[in-house]
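An overview of the molecular structure
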Amino acid sequence: MSVLVSAGPQGAWAWAWAGLRLEPEPAISENGAHVGLPEAQRRIEAASLEQVWLSQHWRPDGRSFELRYARPPGGGVSCTLLCRMHGRDAASASAAALALRDALSSAPRHVRVQPIEDSRELHTALVPFERAPGGLAEVRKRLTWAWLNRRDTDFSLGVAVSPLVGEAVSWEPVWDALARQADPTVIGVCLEPYAPPQDLHSYLRFLAQEYGRLCRPGQPNPIYQQYIAPDPFALRAAPLYQDALRACSGRAYRMRISLAAVGAAPLHLAELLAATISPLNATLDGGAVARAVPPPESEAAWTNVTGLHRTWLDAAYRQEVPQPLGEREKVLADLVDLPQASAAFRFPYEIPGRPPLFVTTRRSEAPPARPASVPVQGDPHAPTFGPGDPS
């Protein structure tokens with residue numbers, strides 16, 4: 001079977017998952033790594049092709065897809081592309097997941113794609129450990145906040161979200177660090193195409209205008225003609241909300257970046273990943289941060305990984321903001337436009353002449369296997385998979 005299904009009670013939606021095995025394309029005649037082409041230019045061209053691929057598969061129909069990088073027991077790095085769809089029953093969900101998998105298989109030229117046809121291999125890729133491991137971390141867009149100095153506004157706490165920086169930065173340090181992990185570790189970058197509703201557009205326009213007003217001197221009392229200075233936080237937040245408005249105007253995605261390891265939380269790897277997808281010196285506050293998942297939220301975080309979901313983890317995601325975030329702020333906290341999504345959703349590649357990083361079918365006949373010490377079954381929080389489409 002090439003699909004896994006989790007069906008709810010009668011009348012509820014069913015979910016189905018499928019997957020693809022990804023490898024770097026080694027042939028220079030196929031991967032675009034022309035002799036004499038600078039490495040930076042190769043990265044830019046590869047990132048451009050990946051951005052086109054993302055744009056082609058933007059359909060806000062409930063789909064989600066995740067690039068899953070893993071350090072298998074034998075060393076190196078493996079990569080799978082997992083996808084999830086829903087349906088009114090197991091058969092329709094399975095058909096939708098397989099159709100999405102087949103559509104996603106038209107990958108950029110620097111990637112080789114093979115469908116995962118074995119259900120055990122698919123289950124291992126989707127649920128790499130028996131139960132929620134002790135080491136869970138998340139990479140998030142950075143939140144900044146401050147109590148506003150101005151009293152001529154309806155809110156006293158200001159919160160803003162820094163965008164990621166869409167640059168074609170090399171991911172080789174991330175993959176190399178993953179390959180050097182002492183314990184089995186996975187990195188998942190999950191995207192869900194998203195069509196922002198009109199009320200979110202209206203809310204962002206209001207905040208952009210309000211922070212723009214607070215950037216100018218205020219006159220709270222027209223009788224005394226006493227002006228108050230622009231709010232320092234508003235000066236930082238106003239351009240960020242303009243960025244958020246632009247992100248909502250095109251093809252947008254909800255994004256989750258998760259790391260899981262058998263041992264301690266791989267914070268050093270999460271910090272390296274955060275710095276890669278959004279360099280710290282690119283914006284005033286930096287665009288991404290790494291956060292360990294506290295034990296009370298580990299089960300929910302693990303369910304996100306095993307089901308390609310994005311349940312809100314308040315302790316890990318709120319980043320010390322002193323008040324709970326509203327639903328629209330939660331959307332902004334993981335909303336990315338196409339260039340930002342492309343910065344984090346990077347396909348595997350290898351530079352000719354450098355030591356290989358990835359496990360491929362040419363280098364190993366067997367697909368990456370689950371650690372012998374980790375049983376296949378037993379996670380009470382993982383989806384209850386049943387038989388899917390037998391194709």
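How each quantity is defined
Residues numbered from 1 in each chain as written. Predicted model: local features only at pLDDT ≥ 70, side-chain atom pairs only at ≥ 80, totals over all residues. Heavy atoms only, no water. Buried < 20%, exposed > 50% of the residue type's maximum accessible area, 1.4 Å probe, protein only. Helix = DSSP H or I, 4+ residues; strand = E, 2+ residues; numbered from the N terminus. Pairing = 2+ DSSP bridges. Core = buried A, V, L, I, M, F, W, Y, C linked by side-chain atoms within 4.5 Å. 1 Å grid on protein atoms, 1.4 Å probe; cavity = no way out; pocket = protein on both sides within 12 Å on 5 of 7 lines; lining within 4 Å. Points joined across faces, edges and corners; volume = space filled by probe spheres on them.

1. A word on the pairing of strand 10 (residues 252–261)
Most of strand 10 is tucked away: 10 of the 10 residues are buried. In this sheet, strand 10 lies alongside strand 6 (residues 135–141) in antiparallel orientation, the contact comprising five bridges. In the strand pairing of strand 10, Gly 135 is matched with Ala 261. Relative to strand 10, strand 9 (residues 185–194) is paired through 10 bridges, and the arrangement is antiparallel. Opposite Pro 193, over in strand 10, you have Tyr 253 as the bridge partner. Bridge count between strand 10 and strand 12 (residues 335–337): three bridges; the pairing is antiparallel.

2. Quick word on the nonpolar core
In terms of nonpolar packing, the biggest core is built from 57 residues, with Leu 126, Leu 204, Tyr 211, Phe 233, Tyr 241, Trp 302 and Leu 332 touching the most fellow members. With nine residues, the top contributor of residues to this core is helix 7 (residues 232–249). Core analysis: the second largest hydrophobic core is formed by 55 residues, Leu 67, Cys 79, Ala 137 and Ile 257 among them.

3. Section: unusual backbone geometry
Of note in the backbone geometry, Leu 308 takes a positive phi value of approximately 60° without being a glycine. Within the secondary structure, Leu 308 sits in the loop between helix 9 (298–307) and helix 10 (314–317). Notably, Glu 320 is not glycine yet its phi reads approximately 65°, a positive angle. Along the chain, Glu 320 falls in the loop between helix 10 and helix 11 (327–334).

4. Overview of empty space enclosed by the protein
If a probe as big as a water molecule is rolled over the atoms, it shows which places are left empty. Taken as a whole and assessed by the stated rule, the structure comprises six cavities of 30 Å³ or more. The volume enclosed by the second largest cavity comes to roughly 130 Å³. Here the lining of the second largest cavity gets five residues from one element, more than from any other, and that element is helix 7.

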